[in-house]
Amino acid sequence: MKRILALAISLLCFVIGLKAQNQVFAKFKIVDEKGELLKDCEVILYQRNDIAFHKEEAKAKVKLYMDLENYYTIEVKKKGYATKRIAFDTRLNNEPLDRNVFDFYVEMPGIHQYEGLANSEDVLDYPITVIQYNEKKELFDYNTDYTNHSVAAVRELKRQVFIAHSAAELE
């Protein structure tokens, strides 16, 4: 009986370990613009266009499991804040996976500052970054070209906010 139980436990650990090898884990903290943890957000994980995970009132620290060789979008929403999207490409291109955890922060800016600005919906509607496997580093990392372009677009929105507020103060 003890042998059967030990065998069953070993088999279960093997299956869990095998499943973990075929997944990547996105661990992130949701913060506001001041860097303070922001709880009770809605978190949705899309696998291609289908909802793979949905949690209303999520904690500020989230861990999502994603199968390898797929495309995902992580969407974080909260009333009064701009929705954030992160694209996650889990394809490895036949490369070995040494580290299957990717840690990051999701900063949620207040939406009120962007209301009425030209192009704000266009900029804020797209993923702020793309995370994908970096063959040189042999781990998942930000696509720097895409991320730099997105950050520059958000920076331009913030510049427009500053100009609009400065003009309003002068009137």
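Note that the structure is a prediction, hence the values are computed from the model and not measured.

What counts and what doesn't
Residues numbered from 1 in each chain as written. Predicted model: local features only at pLDDT ≥ 70, side-chain atom pairs only at ≥ 80, totals over all residues. Heavy atoms only, no water. pLDDT = per-residue confidence, 0-100. Contact = heavy atoms within 4.5 Å. Pairing = 2+ DSSP bridges. Helix = DSSP H or I, 4+ residues; strand = E, 2+ residues; numbered from the N terminus. Axes fitted to C-alpha atoms, helices over the stretch in contact; angles between N-to-C directions. Phe/Tyr/Trp six-rings, centres within 6.5 Å; stacked < 30°, edge-to-face > 60°. Buried < 20%, exposed > 50% of the residue type's maximum accessible area, 1.4 Å probe, protein only. Polar contact = N/O pair within 3.5 Å; in protein donor to acceptor, adjacent residues only side chain to side chain. Salt bridge = Lys/Arg side-chain N within 4 Å of Asp/Glu carboxyl O.

Enquirer: An account of the confidence of the model for the chain is needed here, citing residue identities and associated values.
Expert: Summary statistics for the chain give a mean pLDDT of 84 and a share of 84% for residues scoring 70 or more. Confidence drops under a pLDDT of 50 for residues 5-20, and excluding neighbours within four residues, the segment shows three contacts in the predicted structure.

Enquirer: Lay out the sheet that holds strand S2 (residues 41-47) with the relevant residues and their values.
Expert: Within a sheet, neighbouring strands are paired by backbone hydrogen bonds and run either parallel or antiparallel to one another. As summarised here, the arrangement of the six strands in space is S3-S2-S5-S6-S8-S9, forming an open sheet in which the pairing is mixed. Edge positions in the open sheet fall to strand S3 (50-58) and strand S9 (139-142), since each of these has one partner strand only. Strand after strand, the sheet turns through a mean of 20° between neighbouring axes, direction not considered. Taken together, the six bridges between S2 and strand S5 (residues 71-77) define a ladder with antiparallel strand orientation. Within S5, the position partnered with Val43 by the bridge is Val76.

Enquirer: Describe the packing of aromatic side chains, listing the residues and the values that go with them.
Expert: Per the counting criterion, the structure on display carries seven aromatic pairs. Judged by centre distance (5.1 Å) and plane angle (25°), the ring pair of Phe28 and Phe104 falls under stacked. Of this pair, Phe28 sits in strand S1 (residues 23-32) while Phe104 sits in strand S7 (residues 101-108), and the two are 76 residues apart along the sequence. Ring centres of Phe102 and Phe104 lie 5.6 Å apart, and the angle between their planes is 40°; on these two criteria the pair is classed as tilted. Phe104 matches Phe102 in its accessibility class, with the two residues each being buried. Taken together, Phe28, Phe88, Phe102, Phe104, Tyr133, Phe140 and Tyr142 form an aromatic cluster joined through their ring pairs.

Enquirer: Residues and numbers for the environment of Tyr46, please.
Expert: Mapping Tyr46 onto the fold places it in strand S2. As for Tyr46 and Thr73, which are separated by 27 residues in sequence, their C-alpha atoms are 5.1 Å apart. Not counting residues within four places of it along the chain, the set of residues in contact with Tyr46 comprises Ile51, Ala52, Tyr71, Tyr72, Thr73 and Glu75. Among the polar contacts listed, one links the side chain of Tyr46 to the side chain of Glu75, at a separation of 3.4 Å.

Enquirer: Can you tell me about the pattern of salt bridges, naming the residues and giving the values?
Expert: Inspection of the entire model under this criterion finds seven salt bridges. The closest approach of N and O atoms between Asp141 and Lys137, which form a salt bridge, is 2.5 Å. Judged by relative accessible area, Asp141 falls into the buried class, the value being 13%. Between Arg159 and Glu156 there is a salt bridge; the shortest N-O distance is 2.8 Å.

Enquirer: Kindly report on the sheet that holds S1, identifying the contributing residues and their values.
Expert: A sheet is described by the order of its strands in space; here three strands give the open sequence S4-S1-S7, paired in mixed fashion. The open sheet has two free edges, formed respectively by strand S4 (61-67) and S7, since each of these has just one partner strand. Strand-to-strand twist across the sheet, computed as the mean angle between neighbouring axes with direction ignored, equals 25°. Sheet topology note: the S1/S7 ladder contains eight bridges and is parallel. Bridge assignment links Phe25 to a residue of S7, and that residue is Val101.

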